[in-house]
Protein chains: 2
Amino acid sequence: MQRYFVEQINIQEKRAVLLPSDAYHVQKVMRMQVKDSVIVCHETEGTFLGKLIKLTPNEAIVELNGKIEENNELPLDVTIAHGLVRREKMEFVIESCVALGAKAYIPIFMNRSTAKWQEEKGEKKEARINKIIKEASEQSHRNRLMKFIKPLTIPELIKEKANFDLCLFAYEDSPTDDVNLKKHLSIDNMKSLLVLFGPEGGFDEKEVEILTEAGFIPITLGKRILRTELAPLLLLSAIVYQKELKA
Amino acid sequence: MQRYFVEQINIQEKRAVLLPSDAYHVQKVMRMQVKDSVIVCHETEGTFLGKLIKLTPNEAIVELNGKIEENNELPLDVTIAHGLVRREKMEFVIESCVALGAKAYIPIFMNRSTAKWQEEKGEKKEARINKIIKEASEQSHRNRLMKFIKPLTIPELIKEKANFDLCLFAYEDSPTDDVNLKKHLSIDNMKSLLVLFGPEGGFDEKEVEILTEAGFIPITLGKRILRTELAPLLLLSAIVYQKELKA
(Lines give C-alpha, C1' and ligand atoms only; values in the text may rest on other atoms or scores of the structure.)
Protein backbone atom coordinates (compact mmCIF):
# COMPACT_ATOMS: atom_id res chain seq x y z
CA MET A 1 0.00 0.00 0.00
CA GLN A 2 1.21 3.52 -0.80
CA ARG A 3 2.81 5.19 2.19
CA TYR A 4 3.42 8.87 2.93
CA PHE A 5 5.52 10.50 5.57
CA VAL A 6 3.69 13.48 7.05
CA GLU A 7 4.68 16.46 9.14
CA GLN A 8 1.22 17.24 10.47
CA ILE A 9 -0.63 14.66 12.45
CA ASN A 10 -3.26 14.93 15.12
CA ILE A 11 -3.77 11.73 17.03
CA GLN A 12 -6.69 13.02 19.12
CA GLU A 13 -8.64 14.01 16.03
CA LYS A 14 -7.26 10.97 14.24
CA ARG A 15 -6.21 13.00 11.25
CA ALA A 16 -3.11 13.59 9.20
CA VAL A 17 -2.47 16.15 6.47
CA LEU A 18 -0.31 15.04 3.55
CA LEU A 19 2.34 17.41 2.20
CA PRO A 20 1.08 19.49 -0.76
CA SER A 21 3.37 17.56 -3.11
CA ASP A 22 1.84 14.32 -1.84
CA ALA A 23 -1.68 15.71 -2.22
CA TYR A 24 -0.73 16.03 -5.88
CA HIS A 25 0.96 12.60 -5.97
CA VAL A 26 -1.93 10.73 -4.41
CA GLN A 27 -4.41 12.22 -6.87
CA LYS A 28 -2.49 12.69 -10.10
CA VAL A 29 0.08 9.89 -10.00
CA MET A 30 -1.66 7.25 -7.88
CA ARG A 31 -5.11 8.36 -9.10
CA MET A 32 -6.62 7.64 -5.69
CA GLN A 33 -9.98 8.87 -4.53
CA VAL A 34 -11.74 9.60 -1.26
CA LYS A 35 -12.09 6.37 0.79
CA ASP A 36 -8.94 4.82 -0.68
CA SER A 37 -6.45 3.51 1.86
CA VAL A 38 -2.91 4.75 2.48
CA ILE A 39 -0.27 4.24 5.13
CA VAL A 40 0.78 7.33 7.05
CA CYS A 41 4.15 7.58 8.80
CA HIS A 42 5.11 10.21 11.32
CA GLU A 43 8.60 10.48 12.78
CA THR A 44 7.57 10.39 16.43
CA GLU A 45 3.93 9.22 16.43
CA GLY A 46 4.43 6.06 14.40
CA THR A 47 2.88 4.31 11.40
CA PHE A 48 -0.88 4.32 10.79
CA LEU A 49 -3.42 2.78 8.49
CA GLY A 50 -5.43 5.61 6.99
CA LYS A 51 -8.28 6.45 4.63
CA LEU A 52 -8.44 9.52 2.40
CA ILE A 53 -11.37 11.68 3.56
CA LYS A 54 -10.77 14.99 1.80
CA LEU A 55 -9.07 15.76 -1.49
CA THR A 56 -8.61 19.17 -3.06
CA PRO A 57 -5.89 20.13 -5.57
CA ASN A 58 -3.61 21.31 -2.75
CA GLU A 59 -4.78 19.24 0.15
CA ALA A 60 -5.23 15.62 1.12
CA ILE A 61 -6.55 14.72 4.55
CA VAL A 62 -6.33 11.22 5.91
CA GLU A 63 -8.43 9.69 8.66
CA LEU A 64 -6.26 7.47 10.83
CA ASN A 65 -7.61 4.05 11.72
CA GLY A 66 -5.14 2.81 14.25
CA LYS A 67 -1.46 2.19 14.49
CA ILE A 68 0.26 -0.49 12.48
CA GLU A 69 2.58 -2.57 14.60
CA GLU A 70 5.34 -2.67 12.06
CA ASN A 71 9.05 -2.16 12.51
CA ASN A 72 11.05 -2.18 9.31
CA GLU A 73 13.98 -0.37 10.88
CA LEU A 74 17.41 -2.00 11.25
CA PRO A 75 18.02 -3.32 14.78
CA LEU A 76 21.28 -1.30 14.88
CA ASP A 77 21.55 2.47 14.38
CA VAL A 78 24.08 2.87 11.58
CA THR A 79 25.44 6.25 10.54
CA ILE A 80 27.28 6.35 7.22
CA ALA A 81 29.93 9.06 7.01
CA HIS A 82 31.16 9.37 3.44
CA GLY A 83 33.91 11.46 1.86
CA LEU A 84 32.13 14.12 -0.20
CA VAL A 85 31.42 12.79 -3.70
CA ARG A 86 29.70 14.48 -6.61
CA ARG A 87 25.97 14.97 -6.53
CA GLU A 88 24.75 12.04 -8.62
CA LYS A 89 26.87 9.58 -6.68
CA MET A 90 25.87 11.02 -3.34
CA GLU A 91 22.21 10.85 -4.25
CA PHE A 92 22.55 7.25 -5.40
CA VAL A 93 24.32 6.29 -2.17
CA ILE A 94 21.75 8.14 -0.07
CA GLU A 95 18.85 6.41 -1.80
CA SER A 96 20.51 3.03 -1.30
CA CYS A 97 21.40 3.74 2.33
CA VAL A 98 17.72 4.51 2.97
CA ALA A 99 16.62 1.19 1.46
CA LEU A 100 19.27 -0.69 3.44
CA GLY A 101 18.10 0.90 6.70
CA ALA A 102 20.79 3.44 7.66
CA LYS A 103 19.92 5.90 10.42
CA ALA A 104 21.93 8.84 9.10
CA TYR A 105 24.23 9.96 6.28
CA ILE A 106 26.93 12.61 6.68
CA PRO A 107 29.15 13.84 3.83
CA ILE A 108 32.68 14.48 5.05
CA PHE A 109 35.14 17.03 3.66
CA MET A 110 38.21 14.91 2.96
CA ASN A 111 41.57 15.69 1.43
CA ARG A 112 40.94 13.66 -1.70
CA SER A 113 37.35 14.81 -2.25
CA THR A 114 37.19 16.49 -5.62
CA ALA A 115 33.51 17.35 -5.22
CA LYS A 116 32.48 20.68 -3.74
CA TRP A 117 29.72 21.67 -1.34
CA GLN A 118 28.84 25.28 -2.04
CA GLU A 119 27.32 26.83 1.06
CA GLU A 120 25.18 29.30 -0.83
CA LYS A 121 23.55 26.42 -2.65
CA GLY A 122 23.54 24.25 0.47
CA GLU A 123 19.96 24.88 1.51
CA LYS A 124 18.54 24.07 -1.90
CA LYS A 125 20.71 20.95 -2.04
CA GLU A 126 19.56 19.83 1.38
CA ALA A 127 15.91 20.29 0.43
CA ARG A 128 16.50 18.18 -2.69
CA ILE A 129 18.29 15.48 -0.70
CA ASN A 130 15.57 15.38 1.95
CA LYS A 131 12.98 14.93 -0.79
CA ILE A 132 14.99 11.98 -2.14
CA ILE A 133 15.19 10.52 1.36
CA LYS A 134 11.46 10.90 1.93
CA GLU A 135 10.53 9.22 -1.35
CA ALA A 136 13.06 6.42 -0.90
CA SER A 137 11.78 5.88 2.65
CA GLU A 138 8.22 5.56 1.37
CA GLN A 139 9.21 3.20 -1.44
CA SER A 140 11.32 0.97 0.78
CA HIS A 141 8.68 0.88 3.55
CA ARG A 142 10.73 2.51 6.26
CA ASN A 143 9.06 3.70 9.46
CA ARG A 144 11.53 6.51 10.04
CA LEU A 145 13.29 8.95 7.78
CA MET A 146 17.03 8.64 7.46
CA LYS A 147 18.71 11.84 8.69
CA PHE A 148 20.86 13.84 6.33
CA ILE A 149 23.51 15.76 8.25
CA LYS A 150 25.35 18.73 6.72
CA PRO A 151 28.95 18.07 5.67
CA LEU A 152 31.50 17.89 8.48
CA THR A 153 35.28 17.97 8.53
CA ILE A 154 37.12 14.98 10.00
CA PRO A 155 37.91 16.84 13.26
CA GLU A 156 34.19 17.71 13.56
CA LEU A 157 33.28 14.07 12.94
CA ILE A 158 35.75 12.94 15.58
CA LYS A 159 34.00 15.21 18.10
CA GLU A 160 30.85 13.13 17.55
CA LYS A 161 32.60 9.93 18.55
CA ALA A 162 31.14 9.83 22.05
CA ASN A 163 27.65 9.51 20.53
CA PHE A 164 28.46 6.08 19.09
CA ASP A 165 29.20 2.71 20.65
CA LEU A 166 31.72 2.00 17.89
CA CYS A 167 33.44 4.03 15.15
CA LEU A 168 35.00 2.27 12.16
CA PHE A 169 36.53 3.34 8.87
CA ALA A 170 36.75 1.26 5.71
CA TYR A 171 40.41 1.26 4.76
CA GLU A 172 41.73 -1.35 2.36
CA ASP A 173 45.39 -0.64 3.11
CA SER A 174 44.98 -1.20 6.81
CA PRO A 175 48.40 -1.85 8.37
CA THR A 176 47.03 -4.31 10.94
CA ASP A 177 45.21 -7.56 10.57
CA ASP A 178 42.69 -6.48 13.18
CA VAL A 179 40.19 -5.45 10.56
CA ASN A 180 37.58 -7.91 11.50
CA LEU A 181 34.12 -6.65 10.67
CA LYS A 182 32.58 -9.91 11.84
CA LYS A 183 34.04 -9.50 15.29
CA HIS A 184 32.73 -5.95 15.53
CA LEU A 185 29.26 -6.82 14.28
CA SER A 186 28.87 -9.71 16.65
CA ILE A 187 28.99 -7.38 19.67
CA ASP A 188 25.51 -8.01 21.00
CA ASN A 189 24.65 -4.95 23.02
CA MET A 190 25.88 -2.45 20.45
CA LYS A 191 23.23 0.17 19.73
CA SER A 192 24.95 2.63 17.44
CA LEU A 193 27.68 2.38 14.87
CA LEU A 194 29.45 4.99 12.78
CA VAL A 195 31.37 3.93 9.67
CA LEU A 196 33.44 6.34 7.58
CA PHE A 197 34.15 5.69 3.89
CA GLY A 198 36.65 7.56 1.74
CA PRO A 199 35.80 9.50 -1.45
CA GLU A 200 37.01 8.26 -4.89
CA GLY A 201 40.67 8.71 -4.03
CA GLY A 202 40.34 7.10 -0.61
CA PHE A 203 41.96 8.23 2.63
CA ASP A 204 45.29 10.03 2.72
CA GLU A 205 47.91 9.03 5.27
CA LYS A 206 47.33 12.02 7.50
CA GLU A 207 43.62 11.23 7.75
CA VAL A 208 44.36 7.60 8.62
CA GLU A 209 46.71 8.82 11.35
CA ILE A 210 44.19 11.27 12.84
CA LEU A 211 41.37 8.74 12.75
CA THR A 212 43.44 5.97 14.31
CA GLU A 213 44.62 8.29 17.07
CA ALA A 214 41.03 9.26 17.76
CA GLY A 215 40.09 5.60 18.22
CA PHE A 216 38.43 4.90 14.88
CA ILE A 217 39.11 1.26 13.91
CA PRO A 218 40.00 0.27 10.32
CA ILE A 219 38.06 -2.54 8.66
CA THR A 220 38.38 -4.22 5.27
CA LEU A 221 35.43 -5.25 3.14
CA GLY A 222 36.89 -8.17 1.25
CA LYS A 223 39.63 -8.69 -1.28
CA ARG A 224 38.41 -6.71 -4.21
CA ILE A 225 38.63 -2.94 -4.70
CA LEU A 226 35.21 -1.34 -4.36
CA ARG A 227 34.08 1.93 -5.89
CA THR A 228 33.33 4.58 -3.27
CA GLU A 229 29.59 4.24 -3.86
CA LEU A 230 29.56 0.47 -3.44
CA ALA A 231 31.47 0.18 -0.13
CA PRO A 232 28.74 1.67 2.12
CA LEU A 233 26.21 -0.65 0.46
CA LEU A 234 28.32 -3.72 1.21
CA LEU A 235 28.66 -2.66 4.85
CA LEU A 236 24.94 -2.02 5.30
CA SER A 237 24.08 -5.29 3.53
CA ALA A 238 26.39 -7.17 5.90
CA ILE A 239 24.57 -5.54 8.81
CA VAL A 240 21.17 -6.50 7.39
CA TYR A 241 22.47 -10.05 7.05
CA GLN A 242 24.08 -10.20 10.49
CA LYS A 243 21.58 -8.25 12.56
CA GLU A 244 18.21 -8.48 10.82
CA LEU A 245 17.86 -11.80 9.01
CA LYS A 246 16.69 -14.66 11.18
CA ALA A 247 19.25 -17.24 12.18
CA MET B 1 49.23 -1.42 -10.14
CA GLN B 2 47.27 -1.22 -13.40
CA ARG B 3 46.00 -4.62 -14.48
CA TYR B 4 44.91 -5.85 -17.90
CA PHE B 5 43.09 -9.01 -18.89
CA VAL B 6 44.63 -10.45 -22.06
CA GLU B 7 43.55 -13.02 -24.62
CA GLN B 8 47.01 -13.80 -25.96
CA ILE B 9 49.64 -15.12 -23.65
CA ASN B 10 52.65 -17.30 -24.21
CA ILE B 11 54.08 -18.73 -21.04
CA GLN B 12 57.07 -20.41 -22.74
CA GLU B 13 58.16 -17.18 -24.31
CA LYS B 14 57.03 -15.32 -21.21
CA ARG B 15 55.09 -12.81 -23.21
CA ALA B 16 51.61 -11.39 -23.35
CA VAL B 17 50.00 -9.11 -25.91
CA LEU B 18 47.55 -6.52 -24.63
CA LEU B 19 44.30 -5.93 -26.52
CA PRO B 20 44.59 -3.04 -29.05
CA SER B 21 42.27 -0.92 -26.88
CA ASP B 22 44.57 -1.54 -23.91
CA ALA B 23 47.65 -0.70 -25.99
CA TYR B 24 45.97 2.68 -26.40
CA HIS B 25 44.93 2.85 -22.72
CA VAL B 26 48.35 2.03 -21.35
CA GLN B 27 50.02 4.71 -23.49
CA LYS B 28 47.46 7.48 -23.83
CA VAL B 29 45.50 7.24 -20.57
CA MET B 30 48.04 5.78 -18.16
CA ARG B 31 50.97 7.44 -20.03
CA MET B 32 53.18 4.46 -19.34
CA GLN B 33 56.44 3.76 -21.11
CA VAL B 34 58.64 0.79 -21.92
CA LYS B 35 59.93 -0.78 -18.67
CA ASP B 36 56.88 0.27 -16.65
CA SER B 37 55.19 -2.51 -14.68
CA VAL B 38 51.68 -3.86 -15.15
CA ILE B 39 49.71 -6.86 -13.92
CA VAL B 40 48.53 -9.26 -16.61
CA CYS B 41 45.56 -11.59 -16.06
CA HIS B 42 44.65 -14.52 -18.25
CA GLU B 43 41.53 -16.58 -17.74
CA THR B 44 43.24 -19.95 -17.55
CA GLU B 45 46.95 -19.19 -17.13
CA GLY B 46 46.65 -16.95 -14.09
CA THR B 47 47.87 -13.55 -12.91
CA PHE B 48 51.39 -12.30 -13.71
CA LEU B 49 53.66 -9.43 -12.88
CA GLY B 50 54.83 -7.93 -16.15
CA LYS B 51 56.96 -5.22 -17.70
CA LEU B 52 56.14 -3.34 -20.91
CA ILE B 53 58.81 -4.21 -23.50
CA LYS B 54 57.33 -2.96 -26.77
CA LEU B 55 54.92 -0.13 -27.44
CA THR B 56 53.56 0.95 -30.81
CA PRO B 57 50.29 2.82 -31.42
CA ASN B 58 48.43 -0.46 -31.91
CA GLU B 59 50.48 -2.87 -29.89
CA ALA B 60 51.73 -3.33 -26.36
CA ILE B 61 53.82 -6.36 -25.46
CA VAL B 62 54.48 -7.35 -21.90
CA GLU B 63 57.30 -9.51 -20.59
CA LEU B 64 56.03 -11.76 -17.83
CA ASN B 65 58.12 -12.00 -14.69
CA GLY B 66 56.43 -14.77 -12.81
CA LYS B 67 53.02 -15.59 -11.45
CA ILE B 68 51.46 -13.61 -8.65
CA GLU B 69 49.99 -15.86 -6.00
CA GLU B 70 46.85 -13.85 -5.55
CA ASN B 71 43.27 -14.99 -5.28
CA ASN B 72 40.72 -12.21 -5.11
CA GLU B 73 37.87 -14.46 -6.18
CA LEU B 74 34.90 -15.23 -3.91
CA PRO B 75 35.23 -18.65 -2.23
CA LEU B 76 31.75 -19.54 -3.54
CA ASP B 77 30.72 -19.52 -7.22
CA VAL B 78 27.67 -17.28 -7.35
CA THR B 79 25.56 -16.88 -10.46
CA ILE B 80 23.12 -13.96 -10.47
CA ALA B 81 20.04 -14.53 -12.63
CA HIS B 82 18.11 -11.30 -12.97
CA GLY B 83 14.78 -10.47 -14.59
CA LEU B 84 15.62 -8.44 -17.70
CA VAL B 85 15.87 -4.74 -16.83
CA ARG B 86 16.67 -1.76 -19.02
CA ARG B 87 20.20 -1.25 -20.23
CA GLU B 88 21.50 1.34 -17.76
CA LYS B 89 20.25 -0.66 -14.79
CA MET B 90 21.61 -3.92 -16.13
CA GLU B 91 25.00 -2.36 -16.74
CA PHE B 92 25.09 -0.88 -13.25
CA VAL B 93 24.17 -4.25 -11.71
CA ILE B 94 26.73 -6.08 -13.85
CA GLU B 95 29.50 -3.67 -12.87
CA SER B 96 28.59 -4.06 -9.20
CA CYS B 97 28.32 -7.86 -9.44
CA VAL B 98 31.85 -7.93 -10.85
CA ALA B 99 33.21 -5.88 -7.94
CA LEU B 100 31.37 -8.07 -5.43
CA GLY B 101 32.83 -11.23 -6.95
CA ALA B 102 29.99 -12.92 -8.86
CA LYS B 103 30.92 -15.74 -11.20
CA ALA B 104 28.20 -15.15 -13.79
CA TYR B 105 25.25 -12.92 -14.65
CA ILE B 106 22.25 -14.08 -16.69
CA PRO B 107 19.34 -11.82 -17.70
CA ILE B 108 16.05 -13.70 -17.54
CA PHE B 109 12.95 -13.07 -19.65
CA MET B 110 10.23 -12.70 -17.05
CA ASN B 111 6.54 -11.87 -17.27
CA ARG B 112 6.90 -8.47 -15.65
CA SER B 113 10.06 -7.43 -17.51
CA THR B 114 9.27 -4.29 -19.44
CA ALA B 115 12.75 -4.12 -20.98
CA LYS B 116 13.43 -5.79 -24.31
CA TRP B 117 16.40 -7.75 -25.64
CA GLN B 118 16.48 -7.34 -29.40
CA GLU B 119 18.26 -10.28 -30.95
CA GLU B 120 19.55 -8.34 -33.94
CA LYS B 121 21.29 -5.95 -31.58
CA GLY B 122 22.26 -8.74 -29.22
CA GLU B 123 25.81 -9.20 -30.44
CA LYS B 124 26.68 -5.53 -30.19
CA LYS B 125 25.10 -5.43 -26.74
CA GLU B 126 27.08 -8.42 -25.59
CA ALA B 127 30.34 -6.90 -26.82
CA ARG B 128 29.54 -3.71 -24.90
CA ILE B 129 28.66 -5.68 -21.75
CA ASN B 130 31.81 -7.77 -21.98
CA LYS B 131 33.86 -4.58 -22.25
CA ILE B 132 32.19 -3.29 -19.07
CA ILE B 133 32.94 -6.58 -17.35
CA LYS B 134 36.59 -6.52 -18.40
CA GLU B 135 37.13 -2.96 -17.18
CA ALA B 136 35.28 -3.52 -13.92
CA SER B 137 37.30 -6.72 -13.36
CA GLU B 138 40.53 -4.81 -13.84
CA GLN B 139 39.46 -1.97 -11.56
CA SER B 140 38.24 -4.26 -8.80
CA HIS B 141 41.35 -6.50 -9.02
CA ARG B 142 39.61 -9.69 -10.01
CA ASN B 143 41.62 -12.66 -11.24
CA ARG B 144 38.87 -13.98 -13.46
CA LEU B 145 36.28 -12.36 -15.69
CA MET B 146 32.66 -12.67 -14.68
CA LYS B 147 30.70 -14.53 -17.38
CA PHE B 148 27.82 -12.82 -19.11
CA ILE B 149 25.29 -15.38 -20.33
CA LYS B 150 22.70 -14.52 -22.98
CA PRO B 151 19.13 -14.05 -21.71
CA LEU B 152 17.25 -17.23 -20.83
CA THR B 153 13.60 -17.96 -20.16
CA ILE B 154 12.63 -19.38 -16.77
CA PRO B 155 12.18 -22.92 -18.19
CA GLU B 156 15.67 -22.65 -19.73
CA LEU B 157 17.07 -21.49 -16.41
CA ILE B 158 15.40 -24.37 -14.60
CA LYS B 159 17.16 -26.79 -16.97
CA GLU B 160 20.47 -25.46 -15.60
CA LYS B 161 19.54 -26.38 -12.04
CA ALA B 162 21.65 -29.54 -11.95
CA ASN B 163 24.77 -27.40 -12.44
CA PHE B 164 24.33 -25.75 -9.04
CA ASP B 165 24.49 -27.03 -5.49
CA LEU B 166 21.65 -24.69 -4.51
CA CYS B 167 19.11 -22.55 -6.37
CA LEU B 168 17.34 -19.69 -4.60
CA PHE B 169 15.03 -16.87 -5.60
CA ALA B 170 14.57 -13.58 -3.76
CA TYR B 171 10.85 -13.29 -3.14
CA GLU B 172 9.59 -10.87 -0.53
CA ASP B 173 6.07 -12.34 -0.43
CA SER B 174 7.27 -15.82 0.33
CA PRO B 175 4.39 -17.88 1.75
CA THR B 176 6.63 -19.83 4.10
CA ASP B 177 8.91 -18.78 6.91
CA ASP B 178 11.64 -21.03 5.58
CA VAL B 179 13.38 -18.18 3.86
CA ASN B 180 16.52 -18.35 5.82
CA LEU B 181 19.46 -17.08 3.84
CA LYS B 182 21.77 -17.58 6.84
CA LYS B 183 20.94 -21.25 6.99
CA HIS B 184 21.63 -21.66 3.27
CA LEU B 185 24.90 -19.73 3.35
CA SER B 186 26.24 -21.66 6.29
CA ILE B 187 26.29 -24.89 4.28
CA ASP B 188 30.02 -25.51 4.31
CA ASN B 189 30.71 -27.70 1.32
CA MET B 190 28.58 -25.66 -1.08
CA LYS B 191 30.53 -24.80 -4.23
CA SER B 192 27.99 -23.14 -6.49
CA LEU B 193 24.91 -21.07 -5.90
CA LEU B 194 22.33 -19.63 -8.28
CA VAL B 195 20.06 -16.81 -7.12
CA LEU B 196 17.24 -15.39 -9.24
CA PHE B 197 15.96 -11.83 -8.75
CA GLY B 198 12.79 -10.38 -10.25
CA PRO B 199 12.66 -7.35 -12.57
CA GLU B 200 11.05 -4.05 -11.40
CA GLY B 201 7.61 -5.58 -11.06
CA GLY B 202 8.87 -8.69 -9.27
CA PHE B 203 7.72 -12.26 -9.81
CA ASP B 204 4.22 -13.13 -10.91
CA GLU B 205 2.34 -15.98 -9.24
CA LYS B 206 2.81 -18.39 -12.10
CA GLU B 207 6.58 -17.90 -12.03
CA VAL B 208 6.68 -18.47 -8.27
CA GLU B 209 4.73 -21.68 -8.77
CA ILE B 210 7.01 -22.98 -11.55
CA LEU B 211 10.16 -22.12 -9.63
CA THR B 212 8.95 -23.68 -6.40
CA GLU B 213 7.93 -26.87 -8.22
CA ALA B 214 11.37 -27.00 -9.81
CA GLY B 215 13.00 -26.89 -6.39
CA PHE B 216 14.08 -23.25 -6.28
CA ILE B 217 13.88 -22.01 -2.67
CA PRO B 218 12.50 -18.55 -1.81
CA ILE B 219 14.54 -16.26 0.43
CA THR B 220 13.89 -12.82 1.88
CA LEU B 221 16.51 -10.11 2.14
CA GLY B 222 15.25 -8.17 5.14
CA LYS B 223 12.19 -6.13 5.98
CA ARG B 224 12.47 -3.26 3.56
CA ILE B 225 11.50 -3.25 -0.10
CA LEU B 226 14.58 -3.16 -2.31
CA ARG B 227 14.79 -1.84 -5.85
CA THR B 228 15.55 -4.56 -8.39
CA GLU B 229 19.12 -3.29 -8.82
CA LEU B 230 19.89 -3.29 -5.11
CA ALA B 231 18.74 -6.81 -4.20
CA PRO B 232 21.55 -8.71 -5.99
CA LEU B 233 24.08 -6.38 -4.35
CA LEU B 234 22.73 -7.13 -0.88
CA LEU B 235 22.91 -10.88 -1.57
CA LEU B 236 26.47 -10.74 -2.88
CA SER B 237 27.54 -8.49 0.01
CA ALA B 238 26.10 -10.99 2.49
CA ILE B 239 28.14 -13.70 0.76
CA VAL B 240 31.32 -11.61 0.94
CA TYR B 241 30.62 -11.11 4.63
CA GLN B 242 29.76 -14.73 5.37
CA LYS B 243 32.24 -16.53 3.13
CA GLU B 244 35.18 -14.21 2.56
CA LEU B 245 35.76 -12.01 5.60
CA LYS B 246 37.80 -13.62 8.33
CA ALA B 247 35.97 -14.77 11.43
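Cut-off values and rules
- Residues numbered from 1 in each chain as written.
- Chains lettered and ligands numbered in written order.
- Predicted model: local features only at pLDDT ≥ 70, side-chain atom pairs only at ≥ 80, totals over all residues.
- Heavy atoms only, no water.
- Least-squares fit on C-alpha atoms with pLDDT ≥ 70 in both.
- Contact = heavy atoms within 4.5 Å.
- Core = buried A, V, L, I, M, F, W, Y, C linked by side-chain atoms within 4.5 Å.
- Buried < 20%, exposed > 50% of the residue type's maximum accessible area, 1.4 Å probe, protein only.
- Patch = residues over 30% accessible without salt bridge, like charges linked within 9 Å, V, L, I, M, F, W, Y side chains within 5 Å.
- Areas by Shrake-Rupley, 256 points an atom, 1.4 Å probe, with all protein chains shown as cover.
- Salt bridge = Lys/Arg side-chain N within 4 Å of Asp/Glu carboxyl O.
- Helix = DSSP H or I, 4+ residues; strand = E, 2+ residues; numbered from the N terminus.
- Pairing = 2+ DSSP bridges.
- Axes fitted to C-alpha atoms, helices over the stretch in contact; angles between N-to-C directions.
- Right-handed = clockwise from strand over helix to strand, strands pointing away.
- Phe/Tyr/Trp six-rings, centres within 6.5 Å; stacked < 30°, edge-to-face > 60°.
- Lys NZ or Arg CZ within 6 Å of the ring centre and 35° of its normal.
- Domains from an automatic or database assignment.
- Buried area = accessible area lost by both parts, 1.4 Å probe.
- Nonpolar A, V, L, I, M, F, W, Y, C, P; charged D, E, K, R; others polar.

Visitor: Is there a simple way to explain the relation of the copies chain B and chain A in this structure?
Guide: The relation between the two chain copies is a rotation about an axis coupled with a shift along that axis. In screw terms, the move from chain B to chain A is a rotation of 180° and a rise of 0.0 Å along the axis, fitting with an RMSD of 0.0 Å. Accordingly, the operation relating the two chain copies is best matched by a two-fold axis. If distances are taken from each C-alpha of chain B to the rotation axis, the shortest is found for Ala238(B), at 2.6 Å. When the interface residues of chain B are mapped onto chain A, 100% of them are again interface residues, pointing to one common binding face.

Visitor: Help me out: how do you make sense of the nonpolar core in this one?
Guide: Side chains that are nonpolar tend, in soluble globular proteins, to be buried together. Core analysis: the biggest nonpolar cluster contains 92 residues, and Leu181(A), Leu193(A), Leu221(A), Leu235(A) and Leu181(B) have the highest contact counts within it. Among all residues touching Leu235(A), those that are not within four sequence positions of it are Val78(A), Ile80(A), Leu181(A), Val195(A), Phe197(A), Ile219(A) and Leu221(A). Ile108(A), Leu152(A), Cys167(A) and Leu196(A) belong to the second-largest nonpolar core, a separate cluster that totals 18 residues.

Visitor: Please clarify how a nonpolar patch on the surface should be interpreted in this entry.
Guide: Residues and elements named next belong to chain A. On the surface, Tyr 24, Val 29 and Met 30 cluster together to form a nonpolar patch covering roughly 290 Å² of accessible area. Structurally, the position occupied by Met 30 is in the loop between α1 (20-29) and β4 (37-42). Owing to a relative accessible area of 33%, Met 30 belongs among the partly exposed residues under this scheme.

Visitor: Just to check I follow, could you spell out the sheet that holds strand β2 (residues 8-10) of chain A for this structure?
Guide: The strands making up a sheet associate through hydrogen bonds between their backbones, and the pairing can be parallel or antiparallel. Residue and element names in this part refer to chain A. In space, the six strands of this open sheet follow the order β1-β4-β5-β6-β3-β2, with mixed pairing throughout. Lying at the two open borders of the sheet, with one neighbouring strand each, are β1 (3-5) and β2. Sheet twist, expressed as the mean angle between neighbouring strand axes with direction ignored, is 35°. Here β2 pairs with strand β3 (residues 15-17) via three bridges, running antiparallel. Of the residues in β3, the one forming a bridge with Gln 8 is Val 17.

Visitor: Before we go on, may I ask you to explain the pairing of strand β6 (residues 59-67) of chain B in this structure?
Guide: Where a strand is regular, its side chains alternate between the two sheet faces. Residue and element names in this part refer to chain B. The sheet contact formed by strand β3 (residues 15-17) and β6 spans three bridges and is antiparallel. Within the sheet, the bridge partner assigned to Val 17 lies in β6 and is Ile 61. Judged from the seven bridges that link them, strand β5 (residues 46-56) and β6 form a sheet pairing that is antiparallel. Each bridged residue has a counterpart across the sheet, and for Gly 50 the counterpart in β6 is Leu 64. What sits between the antiparallel neighbours β5 and β6 is a turn of two residues.

Visitor: Help me out: how do you make sense of the pairing of strand β7 (residues 77-83) of chain A in this one?
Guide: Residue and element names in this part refer to chain A. Of all seven residues in β7, six are buried, a share of seventy percent or more. Where β7 meets strand β12 (residues 192-197), six bridges bridge the pair, whose relative direction is parallel. Its bridge partner being in β12, Thr 79 is matched across the sheet by Leu 194. Where β7 and strand β8 (residues 104-109) come together, five bridges link them in parallel fashion. When the sheet's bridge partners are listed, His 82 is paired in β8 with Pro 107. For the crossover that starts at β7, traverses helix α2 (residues 87-99) and ends in the parallel β8, the hand is right-handed.

Visitor: Help me understand the packing of aromatic side chains in this model?
Guide: In this description, a pair of aromatic rings is defined by centroid distance and the angle of the planes. Enumeration according to the criterion identifies twelve aromatic pairs over all chains in this entry. With a centroid separation of 5.8 Å and 80° between ring planes, the pair formed by Tyr171(B) and Phe203(B) is classed as edge-to-face. Here Phe203(B) lies in the loop between β12 (192-197) and α6 (205-213) and Tyr171(B) lies in the loop between β11 (166-170) and α5 (181-185), a separation of 32 residues in the sequence. A connected cluster of aromatic rings, assembled from ring pairs, spans Tyr105(A), Trp117(A) and Phe148(A). We note Lys182(A) situated over the ring of Tyr241(B); from NZ or CZ to the ring centre the distance is 5.7 Å.

Visitor: Explain the domain arrangement of chain A here, please?
Guide: Residues and elements named next belong to chain A. Annotation of chain A at the domain level lists domain 1 (3-67) and domain 2 (77-244). Its C-alpha centre places domain 1 at a distance of 32 Å from the equivalent point of domain 2. Across the boundary between the two partners, domain 1 contributes eight residues, which contact nine residues of domain 2. Each partner contributes to the roughly 800 Å² buried at the junction of domain 1 and domain 2, and carbon and sulfur atoms together form 49% of this total. Of all residues in domain 1, the largest losses of buried area upon contact with domain 2 belong to Arg 3, Phe 5 and Glu 43, amounting jointly to 77% of the total for that side. Taken together, the links from domain 1 to domain 2 amount to two salt bridges. Residues Asp 22 and Lys 134 are paired through a salt bridge, measuring 2.5 Å at the closest nitrogen-oxygen approach. The element best represented in the side of domain 1 that touches domain 2 is β1, accounting for three residues. Residues of the side of domain 1 that touches domain 2, tallied by class, amount to four nonpolar, one polar and three charged.

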